[in-house]
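Below, each chain spelled out in residue letters.
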Amino acid sequence: MPLDASLRPPGRVRLEGWDRLRVLAALDTVGMHVAGEHVFFGFGLPLFLILAVALGVSKKAPRPTGRFLRRRVDRILLPWLFWSVVLAGERALYAATHGQATFAWARAEMLLYGPRIHLWFLPLILVAGLLAHLAHRATGSRRAQVGGAVFALLAAAALLALPAQLGAVGWPFEQWLFSVPAVALGFALGRRLAHAPELPSLRRHLLLAFAAFAGGALALAALVPASAAYGFRYAGGLGLLVLAAWLPNVPDRLTRRFTPLMLGVYVLHPVVYLWLIKPALCFVELGDVDALRVGLTFPVTMALVAALRRTGLRSVL
Amino acid sequence: MSELPRHARSADRRLPEPARRWVELVALYVLAPAAYARWGLEFARPIPIVVAAALAAWLTLRADPSFDRRELWRGEAVRAALPGIALRVLLGGAGLVALVLALAPDDFLDFPRQRPLLWALVMVAYPVFSVYAQELLWRTFFFHRYRAILGDGALWIASGLLFGFMHVVFRHWIAVAATLVGGLFFAWSYRRHRSLAAVCLEHALFGCLLFTVGLGSYFYSGAALGR
């Protein structure tokens, strides 16, 4: 999830390709939510997760925990609470206008993630970021940090077995389990970023990290076949990050404009689809065309978010 | 931003590295389509992937100091290419109509008759989102990137053949056969006119014709999933 406007912690290499990937990852997620199939193999979610965790621990020295928490509260907790209230109202309105009981959809466990299922990402990333931050504080010396990063890489591969081992636990808890390896992987990546003064060496290390992780995931898949699908998505997400780092590191204006919109796109796309795109497509009898559902929901939501960011809502988008 | 010094980067890109280019060519234009056709189609549709790959190719070309950016369009060459394009589209179009009448006469013009609005959308969206991306990858990027290892003579033939091969993702021989011929036309035209605009126009005309006359199901990933 694009929680920061810029991917560059001060003094680190800025990877323009990773910004572009966040846009593709958002498209992948929107595709899943509005058409029932991923646009990019489902690599988007691991990508968001890994990047969100990595950026929080990509400084050489960890921030004071209090400052870290204040920043996370502003950027994640408050937007999550705000949009939970708004989307609860929206969902009640939708139910009322569609012949359903106004609050029949409400469940007690929604207190953990929000009134619409896709909001699970925000509380998860809050906790995941905190865990990575605490690991950052616990690994003080550079040697401990390198060791921690290598351990985290291997742990991430091992954690791929978690959802398969625990079985069906319901949504969004399965998504949370799916996300656990990203904490370790993001930590490993963030620590490498912290010590990456030059792009060429970062590229080589990313390639090595990908090979190690993919090898681990492959070995695990041989032992726990049910973990293969998770391994595929994580390896794909990590592979795209590596690939993007190897592409020419040149900025472009469109990506700079689009990237800050992605949090809002993630939060608002189901609403845009349900209230606007779906009725419009059904009206012209094109509701069955998946490409149109995704191809319209994504840019329309971006336009809406861009407009809303010009208002007082900017702080929660 | 920390990077290699500019002169070092430029020098690195100008150095021919035949082995590395061969690996890249085989990975991008042979292994990737084959792997996608075998394992990927169930998980993602081809057009967004082609568009994303084209974006990566565009970035790579843009950062290459030896690349002439005018090759990303060169619209002024369309006029000179038009007579050839018209002739090929007329002959090729007649061939496509004959093919659909021979293979599945009930499908002839079925798409515009059954779903006119969607057909109209495809006629607009296909050239914009799919054709340019494909031509950028299989013509401009390919010609620029692999001229050093293939040479001028083999370059356009390889480009055309690999363009046809890419259509294995649709899991039907008609898709491969038709685009093998089309790919050779496009590659030859690109070699002659060096105009991405001209080759996009020709590709778009053939593509729209193909969807219109009733061969679209051979070029549609949703239908390919059932094969």
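Residues numbered from 1 in each chain as written. Chains lettered and ligands numbered in written order. Predicted model: local features only at pLDDT ≥ 70, side-chain atom pairs only at ≥ 80, totals over all residues.

1. Thoughts on the overall build of chain B
Selection rule: Labels follow the DSSP assignment, with helices taken as runs of H or I lasting at least four residues and strands as runs of E lasting at least two, numbered in each case from the N terminus. It is over C-alpha atoms that the radius of gyration is taken, and the globule rule equals 2.2 Å times the number of residues to the power 0.38. Contact between residues is assigned whenever the C-beta positions, reconstructed from backbone atoms, fall within 7 Å.
Scanning chain B for helices and strands turns up nine helices and zero strands. Secondary structure elements of chain B, listed N to C terminal, follow the sequence α-α-α-α-α-α-α-α-α. For a compact globule of 227 residues, the expected C-alpha radius of gyration is about 17 Å, and chain B comes in at 18 Å, within 12% of that figure. The principal-axis extents of the C-alpha atoms in chain B amount to approximately 60 × 40 × 30 Å. Sequence-distant contacts in chain B: of pairs separated by 6 or more residues, those separated by 24 or more amount to 79%.

2. A short note on the overall build of chain A
Note the following rule: Labels follow a simple rule on C-beta atoms placed from the backbone: if 20 or more others lie within 10 Å of a residue's own, it is buried; if 12 or fewer, it is exposed; otherwise it is partly exposed.
Along the backbone of chain A there are 13 helices and zero strands. Here the C-alpha atoms of chain A give a radius of gyration of 20 Å, agreeing with the 20 Å that 2.2 N^0.38 yields for 317 residues. For the C-alpha atoms alone, the extent of chain A along its principal axes is close to 60 × 45 × 35 Å. Sorting the 317 residues of chain A into buried and exposed places 47% on the buried side. Pairs at least 24 apart in sequence give 77% of the contacts found in chain A among residues at least 6 apart.

3. Some points on helix α1 (residues 16–35) of chain A
All names here are of chain A. The test is simple: One fewer than the residue count of a helix, multiplied by 1.5 Å, yields its expected span.
Between its first and last C-alpha atoms α1 spans 29 Å; for 20 residues at 1.5 Å apiece the expected length is 28 Å, and the two agree. Buried residues dominate α1, accounting for 17 of its 20 residues. One or two positions beyond α1, positive phi appears at G36, with a value near 80°.

4. Here's the deal with the interface of chain A and chain B
Heads up, the rule is: Three categories are distinguished: nonpolar for Ala, Val, Leu, Ile, Met, Phe, Trp, Tyr, Cys and Pro, charged for Asp, Glu, Lys and Arg, and polar for the others, with Gly belonging to the last.
Counting residues at the interface gives 19 residues for chain A, matched by 16 residues for chain B. Tallied by class, the residues present in the side of chain A that touches chain B amount to 14 nonpolar, three polar and two charged.

5. Some remarks on the confidence of the model for chain A
Using the following cut-off: The predictor attaches a confidence to each residue, called pLDDT, with possible values from 0 through 100.
On average, residues of chain A carry a pLDDT of 89, and 94% of them reach 70 or more. Across residues 1–6 of chain A, confidence stays below pLDDT 50; counting only partners more than four residues off in sequence or on other chains, it has 17 contacts.

6. Some points on helix α9 (residues 199–223) of chain A
Taking 1.5 Å as the rise per residue, α9 of chain A with 25 residues should run 36 Å; its terminal C-alpha atoms sit 36 Å apart, in good agreement. The set of residues buried in α9 of chain A consists of L206, A209, F213, A217, L220 and A221 of chain A.

7. Description of the packing of α1 of chain A against helix α12 (residues 262–283) of chain A
Residue and element names in this part refer to chain A. The criterion, for reference: Axes, fitted as lines to C-alpha atoms, cover a helix only where it is in contact. Angles between the N-to-C directions of the axes lie from 0 to 180 degrees. Our angle categories are set so that under 35 degrees counts as roughly parallel, over 145 as roughly antiparallel, 65 to 115 as roughly perpendicular, and the remainder as oblique. Should the near helix be turned counterclockwise from the far one by less than a right angle, the crossing is left-handed, whereas a clockwise turn marks it as right-handed.
Remark: α1 packs on α12, axes separated minimally by 10 Å, with the N-to-C direction vectors making an angle of 20°. Of the possible angle classes, the one that applies to α1 and α12 is roughly parallel. In this structure, α1 crosses over α12, and the sense of that crossing is right-handed. For the pair formed by α1 and α12, the contact residues are R22, V23, A26, T29, V30, H33 and V34 on the first element and M262, V265, Y266, H269, P270 and Y273 on the second. Grouping the constituent residues of the contact of α1 with α12 by class yields nine nonpolar, three polar and one charged.

8. Comments concerning the nonpolar core
Considering soluble globular proteins, one finds that nonpolar side chains tend to be buried as a cluster. Filter applied, for reference: Any nonpolar core is a set of buried residues, restricted to Ala, Val, Leu, Ile, Met, Phe, Trp, Tyr and Cys, that join up through C-beta atoms within 7 Å.
Among the nonpolar cores identified, the biggest contains 94 residues, and I50, V53, L185, A188 and L241 of chain A are the most heavily contacted of them. If one sorts the elements of this core by residue count, helix α8 (residues 173–194) of chain A sits on top with eleven residues. Excluding residues that lie within four positions of it along the chain, V53 of chain A makes contacts with A128, G129, A132, A182, V183, G186, F187 and G190 of chain A. Listed in part, the 44 residues of the second largest apolar core include Y132, A187, Y190 and F206 of chain B.

9. Re the confidence of the model for chain B
Residue and element names in this part refer to chain B. Mean pLDDT over chain B works out to 91, with 93% of the residues at or above the 70 mark. Across chain B, the secondary-structure element scoring lowest on mean pLDDT is helix α1 (residues 6–14), at 49, and the one scoring highest is helix α8 (residues 196–213), at 97. Taken as a whole, residues 1–11 scores under 50 in pLDDT and shows 13 contacts with residues more than four places along the chain or in a different chain. As a predicted assembly, this complex carries a pTM of 0.89 together with an ipTM value of 0.87.

10. Quick notes on unusual backbone geometry
With glycine set apart, most residues show a phi of negative sign, and most peptide bonds adopt trans. Of note in this structure, E285 of chain A is not a glycine but carries a positive phi near 60°. One can find E285 of chain A in the loop between α12 and α13 (290–308). In this structure E285 of chain A comes out as exposed when scored by C-beta crowding, with 11 C-beta atoms within 10 Å. One non-glycine residue, R171 of chain B, lies in positive phi territory at about 55°. Exposure remark for R171 of chain B: the 18 C-beta atoms within 10 Å place this residue in the partly exposed category.

11. Some thoughts on the packing of α12 of chain A against α13 of chain A
Residue and element names in this part refer to chain A. Where α12 contacts α13, the two axes come as close as 8 Å, and the packing angle between them is 125°. When the axis of α12 is compared with that of α13, the two are oblique. α12 and α13 meet at a crossing whose hand is right-handed. Each of G264, V265, L268, H269, V272, Y273, L276, I277 and L281 in α12 lies in contact with α13, whose residues at this interface are L292, R293, L296, T297, V300, T301, M302, L304, V305 and L308.

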